[in-house]
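Here's the letter readout for the chains.
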Amino acid sequence: QVQLVESGGGSVQAGGSLRLSCAASGLTFSMYSMGWFRQAPGKERDFVSVISWNGARTDYADDVKGRFTISRDNAKNTVYLQMNSLKPEDTAVYYCAAKYGRTLLTRDVPDFGSWGQGTQVTVSS
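Predicted, not measured: the structure shown is a model, and the values here were computed from it.

So, on to the overall build of the protein. Across its full length, the protein carries zero helices and 11 strands. Listing every helix and strand of the protein by position from the N terminus yields β-β-β-β-β-β-β-β-β-β-β. Against the globule reference of 14 Å for 125 residues, the protein gives a C-alpha radius of gyration of 13 Å, in line with a compact fold. Taken across its 125 residues, the protein has 43% of its residues classed as buried.

Quick look at the state of the cysteines now. All chains considered together, the criterion is met by one disulfide. Covalent S-S linkage joins C22 and C96, the inter-sulfur distance amounting to 2.1 Å. One quick way to see it: the torsion about the S-S bond of C22 and C96 is about -75°, and its sign makes the bridge left-handed. Taken as a pair, C22 in strand β3 (residues 18-25) and C96 in strand β9 (residues 92-100) lie far apart in primary sequence, 74 residues in all. C96 shares its class with C22; the two are buried.

Position of V123 relative to the elements: it lies in strand β11 (residues 119-124). C-alpha separation for the pair V123 and S11, spaced 112 residues apart in sequence, amounts to 5.9 Å. Other than its neighbours up to four places away in sequence, V123 contacts V12, Q13, A14, L86, K87, P88, D90 and T91.

The next point concerns the pattern of salt bridges. In this structure the tally under the stated criterion is five salt bridges. Across the salt bridge formed by R107 and D59, the nearest N and O atoms sit 2.6 Å from each other. Here the residue R107 occupies a position in the loop between β9 and β10 (114-115), and D59 occupies one in strand β6 (residues 58-60), the gap between them amounting to 48 residues. R107 sits in the partly exposed class, given a relative accessible area of 36%. The salt bridge involving K65 is made with D62; its shortest N-O contact spans 3.5 Å. What makes K65 partly exposed here is its relative accessible area of 49%. Look at D62 and you get exposed, because its relative accessible area is 64%.

Calculation rules
Residues numbered from 1 in each chain as written. Predicted model: local features only at pLDDT ≥ 70, side-chain atom pairs only at ≥ 80, totals over all residues. Heavy atoms only, no water. Helix = DSSP H or I, 4+ residues; strand = E, 2+ residues; numbered from the N terminus. Rg over C-alpha atoms; globule rule 2.2 N^0.38 Å. Buried < 20%, exposed > 50% of the residue type's maximum accessible area, 1.4 Å probe, protein only. Disulfide = S-S within 2.5 Å. Contact = heavy atoms within 4.5 Å. Salt bridge = Lys/Arg side-chain N within 4 Å of Asp/Glu carboxyl O.

Below, the structure written as structure tokens:
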């Protein structure tokens with residue numbers, strides 16, 4: 001079965017950086033677009049970023065554009081999220097997700113069929 005395992009979360013001060021990783025197994029990684037989402041306490045799970053199967057196309061939520069960078073290494077079955085200039089409002093559990101297909105990119109949670117367990121990111125002011 002598909003397994004997604006996030007790592008790299010932690011606590012950082014505002015202005016700092018973190019790099020999240022998501023290692024995928026049980027799937028043909030290059031057939032999937034990969035996304036990052038986040039969920040703060042008491043809030044819905046929100047879109048952060050998505051990358052196409054070959055890395056050629058990316059999309060970002062407005063509030064992370066210019067600060068976060070998504071990338072992938074298909075040889076390692078891994079997707080990354082480089083987060084710079086972190087703000088307290090970035091505090092959340094960050095989830096990696098996989099969507100089968102090489103066509104359209106999507107921001108919608110229901111379109112992603114597989115999810116990781118999440119990794120906590122805490123940004124203090």
